[in-house]
Amino acid sequence: MDHESKIFIEALEEKNLEKLKKVSKADLHNHFSLGGNRSFIKEMTGIDIQPFKGIMHSMEEMHNWVNQYQGDKFNSLEMRQLMIDATVVQAVRDGVKILEIGEDVWALDTYFHSDIHLLIDSFKQSQRKYGNEIELRLQIGLSRHCKISALEKWLEPFWDENDFYSIDLYGIEDAQPIENFKNIYRKAKSKGLILKAHVGEWGTAEDVRNAVEILELDEVQHGINAQKSKEVVHYLRDHKIRLNITPTSNIILGRAKNYATHPIRDLYHAGIDVTINSDDVLIFDSDVSKEYLRLYESGSLTVEELDEIRINGLKRRLLK
Ligand SMILES: [Zn+2]
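A quick note: this is a predicted structure, and the numbers were derived from the prediction, not measured. (Residues numbered from 1 in each chain as written. Predicted model: local features only at pLDDT ≥ 70, side-chain atom pairs only at ≥ 80, totals over all residues. Heavy atoms only, no water.)

### Topic: the nonpolar core
To keep it simple, the criterion reads: Only buried residues count toward a nonpolar core. Its members are Ala, Val, Leu, Ile, Met, Phe, Trp, Tyr and Cys residues joined through side-chain atoms within 4.5 Å. Burial classes: relative accessible area under 20% of the type maximum marks a residue as buried, over 50% as exposed, and values in between as partly exposed (1.4 Å probe, protein chains only). Here a residue-residue contact requires only that any non-hydrogen atoms of the pair lie within 4.5 Å.
Residues Ile167, Tyr185 and Leu236 are the most contacted members of the largest nonpolar core, which totals 101 residues. Ignoring anything within four residues of it in the chain, the contact list for Tyr185 reads Leu142, Ile167, Asp168, Leu169, Leu195, Lys196, Ala197, Leu215 and Leu217.

Shown next as structure tokens:
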């Protein structure tokens, strides 16, 4: 067993969060505008962002939270940069060594003066300043409710840049059929991007399989409802599809009842490539280290199993 695994297992058994934070982890499911470090944001801006307490009963509660703590306070290039800085700082303090984040395509015109290099450099600058030891995987983000023609137009400047690692689709899962995004994903594939989408958080196991088939996904953000269908579980396992899972987010949004019965346990035992991630640290109080500890404390997964998942997240995806 290597040194980091030893420390990781000790830290879990001792329920020692500070020790856990020193061990390398990946965060492959992180929305940076909600992924920042709370105390860093407070120190830099005086804005005190408190996590949501309890369980949300509708998406409206999520929007209310965002309005209360962020509103339009972060709607400028300077503040956008600060949120990227805060997310890199958060990752460093959490022991995250691979961080996958990116902007929504509409933000290029809104915050980055339609200058794709300014957008890319903003992320690289945060990394240089605060997180040189981190592998930053830059992602292109699409919101599912946006018109395809608008997305295609916004995407134009992104296609010819070599700095992007992946593309992700998020937002309201039933906003429009997954088929609508097929052409965009074909193009993303031709550009060598890793293909991801949020699916199976609100949608069904069938929705997960459809999205993987139609968009030719490499990874699914959430995908937890796949657990409800043995066929889909086998399909994901056989096609080596990675699920980037965020337990606390799932529980607060009512997508899973608790940590002990969270689908990650069954998905892991079925041989699926799963990873453990933060989603939105500022709302859910979901540091990656805390996610591991909460799953361990619930009895969902053993220290050895959690360590295997941790190491798996740090590896490249399995070749298909
Ligand atoms: Zn997400």
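### As for the sheet that holds strand S2 (residues 96-104)
Test applied: Any two strands are treated as partners once DSSP identifies two or more bridges connecting them. Every helix listed is a DSSP run of H or I at least four residues long, and every strand listed is a run of E at least two residues long, numbered separately from the N terminus. Here, axes are lines fitted to C-alpha atoms. For helices the fit covers the stretch in contact, and angles between N-to-C directions go from 0 to 180 degrees.
On the basis of which strands lie adjacent, the open sheet formed by 8 strands has the order S1-S2-S3-S4-S5-S6-S7-S8 and parallel pairing. One side of each edge strand has no neighbouring strand; the edge strands of this open sheet are strand S1 (25-27) and strand S8 (273-276). Between one strand axis and the next, the sheet turns through 25° on average, direction left out of account. Note: S1 against S2, 3 bridges, orientation parallel. Among the inter-strand pairings, Lys25 is bridged to a residue of S2, identified as Val96.

### Regarding the pairing of S2
Counting buried positions along S2 yields 8 of 9 residues, so the element is predominantly enclosed. Bridge count between S2 and strand S3 (residues 135-143): 7 bridges; the pairing is parallel. Residue pairing in the sheet places Ile98 in a bridge with Glu135 of S3.

### Considering the pattern of salt bridges
Side chains carrying opposite charge are able to pair once their charged atoms draw close together. Formally: Salt bridge, as applied in this entry: a Lys or Arg side-chain nitrogen positioned within 4 Å of an Asp or Glu carboxyl oxygen.
Scanning the entire structure with this criterion turns up 22 salt bridges. Residue Arg80 is joined to Glu103 by a salt bridge in which the shortest nitrogen-to-oxygen separation is 2.6 Å. Of the two residues, Arg80 sits in helix H5 (residues 77-93) while Glu103 sits in strand S2, which places them 23 residues apart along the sequence. For Arg186, the salt bridge goes to Glu216, with nearest N and O atoms at 3.3 Å. Of this pair, Arg186 sits in helix H9 (residues 182-190) while Glu216 is found in the loop between helix H10 (205-215) and strand S6 (219-222), placing the two residues 30 residues apart along the sequence. Here the salt bridges do not stand alone but share partners, grouping Lys21, Asp285, Asp287, Lys290, Glu291 and Arg294 into one network.

### A few points about the coordination of the zinc ion
Our working definition: Only nitrogen, oxygen and sulfur atoms qualify as donors, and only when within 2.8 Å of the metal (3.2 Å in the case of Na, K and Ca); with water excluded, sites may look incomplete. In short, tetrahedral needs four donors with all angles between 85 and 135 degrees, square planar needs four and octahedral six donors with opposite donors over 155 degrees apart and all other angles between 65 and 115, and whatever is left is irregular.
The coordination sphere of the zinc ion contains the protein donors His29 (NE2), His31 (NE2), His198 (NE2) and Asp279 (OD), at a distance range of 2.1 to 2.4 Å. Relative to the metal, the 4 donor atoms surrounding the zinc ion lie at angles of 81 to 168°, and the coordination shape comes out irregular. Sequence positions of the residues that donate to the zinc ion give the spacing H-x1-H-x166-H-x80-D. Remark: His198 occurs in strand S5 (residues 194-199) and His29 occurs in the loop between S1 and helix H3 (38-45); sequence separation between them is 169 residues.

### Looking at the side chain of Asn225
Note on placement: Asn225 falls in the loop between S6 and helix H11 (230-238). Setting aside chain neighbours within four positions, we find Asn225 in contact with Gly200, Glu201, Trp202, Gly203, Thr204 and Ala205.

### Remarks on the packing of aromatic side chains
Note the following rule: Paired rings are identified among Phe, Tyr and Trp, the last through its six-membered ring, by centres lying within 6.5 Å, and are further divided according to the angle between planes into stacked (under 30 degrees), edge-to-face (over 60) and tilted (the rest).
In this structure the tally under the stated criterion is 6 aromatic pairs. Between Phe40 and Tyr130, the aromatic rings sit 5.4 Å apart at their centres with planes inclined by 80°, giving edge-to-face as the arrangement. Here the residue Phe40 occupies a position in helix H3, and Tyr130 occupies one in helix H7 (residues 116-130), the gap between them amounting to 90 residues. Taking the relative accessible area as the measure of exposure, Phe40 reaches 4% and is therefore buried.

### Examining the UniProt feature "domain: Adenosine deaminase" (unreviewed entry) in the chain
The condition is simple: UniProt positions are given in the numbering used here, feature names are shortened, and annotations may be inferred rather than shown by experiment.
Sequence positions flagged by UniProt for "domain: Adenosine deaminase" (unreviewed entry) are, in local numbering, residues 116-316. Spanning residues 116-316, this segment combines 47% helix with 17% strand, and its end C-alpha atoms are found 27 Å apart.

### A look at empty space enclosed by the protein
Our working rule: A cavity here means a set of 1 Å grid points, computed over protein atoms only, where a 1.4 Å probe fits but cannot escape. A pocket is an open set with protein on both sides within 12 Å along at least 5 of 7 lines, and lining residues have an atom within 4 Å of a point. Grid points are joined across faces, edges and corners, and a volume is the space filled by probe spheres set on the points. Side-chain classes follow a simple rule in which Ala, Val, Leu, Ile, Met, Phe, Trp, Tyr, Cys and Pro form the nonpolar group, Asp, Glu, Lys and Arg form the charged group, and the remainder, Gly included, forms the polar group.
The full count for this structure, using the stated rule, is 2 cavities of 30 Å³ or more. Approximately 40 Å³ is the volume attributed to the largest cavity. Lining of the largest cavity is provided by Asp27, Asn30, Gln90, Ala91, Asp94, Val96, Leu99, Ser278, Val281, Asp287 and Val288. Residue assignment for the lining of the largest cavity shows that the elements contributing at least two residues are H5 and S2. Taken together, the residues of the lining of the largest cavity break down into 5 nonpolar, 3 polar and 3 charged. What the second largest cavity holds in volume is close to 40 Å³. If you trace the second largest cavity, you find it lined by Ala26, Thr275, Ile276, Asn277, Tyr292, Ile309, Arg310 and Gly313. Sorting the residues of the lining of the second largest cavity by element identifies S8 and helix H16 (303-314) as the ones contributing at least two each. Among the elements that line the lining of the second largest cavity, the one with the most residues is H16, at 3 residues. Residues of the lining of the second largest cavity, tallied by class, amount to 4 nonpolar, 3 polar and 1 charged.

### Details of helix H1 (residues 3-13)
Quick note on the threshold: Taken from the helix axis, the directions to the C-beta atoms give the arc we talk about.
Inspection of H1 places Ser5, Phe8, Ile9, Ala11 and Leu12 among the buried residues, and these make up the whole buried set. One side of H1 carries all its buried residues, which in axial view fall inside an arc of 160°. On the buried face of H1, the contacting elements are helix H2 (17-20), helix H15 (288-298) and H16. One or two residues past the end of H1 sits Lys15, with phi positive at roughly 50°.

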